[in-house]
Amino acid sequence: MEYVVGVDIGTQSTKALLVDRDGAILARHSAGYQPDMPKQLWAEQWPSVWFDAVVECIAGCVQAAREQGVDPSKIRAVCVSSLYGGSGIPVDAEMQPLHPCLIWMDRRATEQVERVREGVDLDRLYTVTGNGVDSYYGFTKMLWLRENRPEVWAKTRYFLPPNAYMIYLLTGEIAVDHSSAGNIGGIYDVARREWSHEMLDTLGIPAKMMPERLVESTDVVGGLLPQWGQRLGLAAGTPIVAGGVDAAVATFAAGATRVGQHVAMIGTSMCWGYINQAVDARHGLVSMPHVFNGRRDLYVFGGAMAAGASVAWYRDQFCHEEIEAARALPHGDPHVLLESAAARVAAGSDGALFLPYLMGERSPVWDAKASGAFIGLSLGHTRAHLYRAVLEGVAFALEHNIEAGRQGAQALEDKLIVVGGAAYSGLWMQIIADVTGYPVFTIEQEVEAAMGAALLAAFGVGLVSEETARGGWSKLVERARPDAARRALYAERFEVYKGLYPALKPFMHKLRSS
């Protein structure tokens, strides 16, 4: 039997899986960490944190598999996917990092966004890149570095996405996959599948800072350097496959490879995306080449900045009683207690509504100054009401993106696949079904992007056929069907949800600037 390793670098942890050519999991390992947030709305990470986690996870998987009798020489490939790295990692001519990577959560580039909107032909930018202008996008974060860290800018040789830099460290080869390049926005020509020298010149970003080698997510970038062989337990020269942006890789793991298939990945953030072959940035979503058949297919997605992050924030700030109580229980999970209480609250949370804009908001709002809010509170509301309102608020953000996506999609399948930490919550899956009107399916295995990365590795080195890669290894299970009465109630509440942001926007902005 032959094997592959799939690695996914996330915002708060890195996970790796070792699987056989049929997708059976033999070993898994994870390593946790937190992004640095030195100021409000800033989020960054030094790449050494990620690389240490990658090394630990690969070595942990290989060792666990060895203990089961797996011959490491039969591990044919490794693939690395990663969170959207925003600016990417600025490295010097010796490939040493010069500054932390400004990750997707970072919203500091608001002034740069305004200058781009005022000084650039936006219609042309939309047409070339298929994307808009926001501090979410990597190109605006690059401009922030240019204007606020000139000493870094002067020494920068390349900006490298997280997975590309990890692969460089493992192989010595420099390459960027098309999904990561496209997600930078602003400087990538989505039709030509190449860097846009026109937009680079317009924005004042030297083309030499963009690595020349662009590859498909299934391409082998290079072989594992000998110095890492013993540390990882792998043979020198083991092929390292390019991978891509985790949301697209998780979508691939769920079997979404055909036009109209759509998946919501709900972890720290939420990304809902579908497969399409055309894009229009005016609908307010993000587009990039898909990680499978990326020369033809696009992954078009929208997302909420703080999805699972909103749940974690509410838990940590207001639910100390449940956290302490859970310590005495076998599962040790306060969410089980919180969900049990919230399930006894009626749909609609007795009039409480939550806006999950705790780090500004991405699509379709696109406002770094948007802020979170509870609306409709009364003395009758409890922690359970507000916990349910948080789950409902993120579901409304999901529906807001689906509504925008329908404007540009050629078609959308009549089922919604959900992956990520939210998939473990039966209550949340039912809320999402009731809010969106779709039957909700999840992956049977507790895996997401790491499994997608493993499948990319297997396809990249010829262990599986295109037909197998297209169908995927994961088995889907139905988790919830929409209830007509709750669907009608949530449809009314969704209209309230959509109306709240424009009504509160002036006050949100005033509070952010005060």
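Given the structure is predicted, the values throughout are model-derived calculations rather than measurements.

**Describing the side chain of Ser82**
For Ser82, the position within the fold is in strand S5 (residues 75-82). The buried category is assigned to Ser82, whose relative accessible area is 1%. The contacts of Ser82, once residues within four sequence positions are left out, are Asp8, Ile9, Pro162, Asn163, Gly244, Val245 and Asp246.

**Details of helix H16 (residues 449-460)**
For H16, built from 12 residues, the straight-helix expectation of 16 Å at 1.5 Å per residue is met to within 8% by its first-to-last C-alpha distance of 16 Å. The buried fraction of H16 is high, at 10 of 12 residues. For H16, the full list of buried residues reads Ala449, Ala450, Met451, Gly452, Ala453, Ala454, Leu455, Leu456, Ala457 and Ala458. Positive phi appears at Gly462, one or two residues downstream of H16, with a value of about 80 degrees.

**Looking at the packing of aromatic side chains**
One pass over the structure, following the stated rule, counts 26 aromatic pairs. Taking 5.2 Å as the distance between ring centres and 70 degrees as the angle between the ring planes, the aromatic pair formed by Tyr136 and Tyr137 counts as edge-to-face. On the basis of relative accessible area, Tyr136 is assigned to the buried category, the value being 0%. Seen from their ring centres, Tyr314 and Tyr387 are 6.3 Å apart, and the 45 degrees between their planes marks the pair as tilted. In this pair, Tyr314 sits in helix H11 (residues 308-318) while Tyr387 sits in helix H14 (residues 383-406), placing the two residues 73 residues apart along the sequence. Side by side, Tyr314 and Tyr387 carry an identical accessibility label, which is buried.

**A word on the packing of helix H1 (residues 47-67) against helix H6 (residues 162-171)**
For the pair H1 and H6, interaxial distance at closest approach is 10 Å and the crossing angle is 60 degrees. The angle between H1 and H6 places the two elements in the oblique class. Relative to H6, the crossing made by H1 is right-handed. On H6, the residues touching Pro47, Trp50, Phe51 and Val54 of H1 are Pro162, Tyr165, Met166, Leu169 and Leu170. Looking at the contact of H1 with H6 residue by residue, the classes come out as nine nonpolar, no polar and no charged.

**What about the sheet that holds strand S15 (residues 262-266)?**
The strand order across the open sheet built from seven strands is S17-S18-S16-S15-S21-S22-S23, with neighbouring strands paired in mixed fashion. Of all strands in the sheet, those with a lone pairing partner are strand S17 (286-289) and strand S23 (476-480), marking the two edges. Pairs of neighbouring strands in the sheet enclose a mean axial angle of 30 degrees, with direction left out of account. Examined bridge by bridge, strand S21 (residues 416-419) and strand S22 (residues 440-443) share three bridges and lie parallel to one another. Paired with Leu416 across the bridge in S22 is Val440. The sheet strands contacting helix H10 (residues 246-253) are S15, strand S16 (270-276), strand S18 (298-304), S21 and S22, and the helix crosses S15 at an angle near 125 degrees. Running over the sheet, helix H15 (residues 426-436) touches S15, S21, S22 and S23 and is turned about 80 degrees from S23.

**Here we look at the pattern of salt bridges**
In the structure shown here, the tally under the stated rule is 25 salt bridges. Note that Glu114 and Arg117 form a salt bridge whose closest N and O atoms lie 3.4 Å from each other. Highlighted residues: Glu114 and Arg117, both in helix H2 (residues 110-119), separated by three residues, approximately one helical turn. Judged by its relative accessible area of 39%, Glu114 falls in the partly exposed class. The partner of Arg481 in a salt bridge is Glu478, and the shortest N-O contact between them spans 2.7 Å. One connected set of salt bridges, linked through shared partners, spans Glu2, Arg21 and Arg76.

**Brief notes about the environment of Ser81**
Tracing the sequence through the fold places Ser81 in strand S5. Among the residues examined, Ser81 registers a relative accessible area of 0% and is labelled buried. Expressed as a C-alpha distance, the spacing of Ser81 and Ala454, which sit 373 residues apart in the sequence, is 9.5 Å. Once residues lying within four places of it in the same chain are set aside, the contact partners of Ser81 are Val7, Asp8, Ile9, Asn163, Gly244, Val249, Ala449 and Ala453.

Cut-offs used in this document
- Residues numbered from 1 in each chain as written.
- Predicted model: local features only at pLDDT ≥ 70, side-chain atom pairs only at ≥ 80, totals over all residues.
- Heavy atoms only, no water.
- Helix = DSSP H or I, 4+ residues; strand = E, 2+ residues; numbered from the N terminus.
- Buried < 20%, exposed > 50% of the residue type's maximum accessible area, 1.4 Å probe, protein only.
- Contact = heavy atoms within 4.5 Å.
- Expected span 1.5 Å × (residues − 1).
- Phe/Tyr/Trp six-rings, centres within 6.5 Å; stacked < 30°, edge-to-face > 60°.
- Axes fitted to C-alpha atoms, helices over the stretch in contact; angles between N-to-C directions.
- Parallel < 35°, antiparallel > 145°, perpendicular 65-115°, else oblique.
- Left-handed = near helix turned anticlockwise from the far one by under 90°.
- Nonpolar A, V, L, I, M, F, W, Y, C, P; charged D, E, K, R; others polar.
- Pairing = 2+ DSSP bridges.
- Salt bridge = Lys/Arg side-chain N within 4 Å of Asp/Glu carboxyl O.

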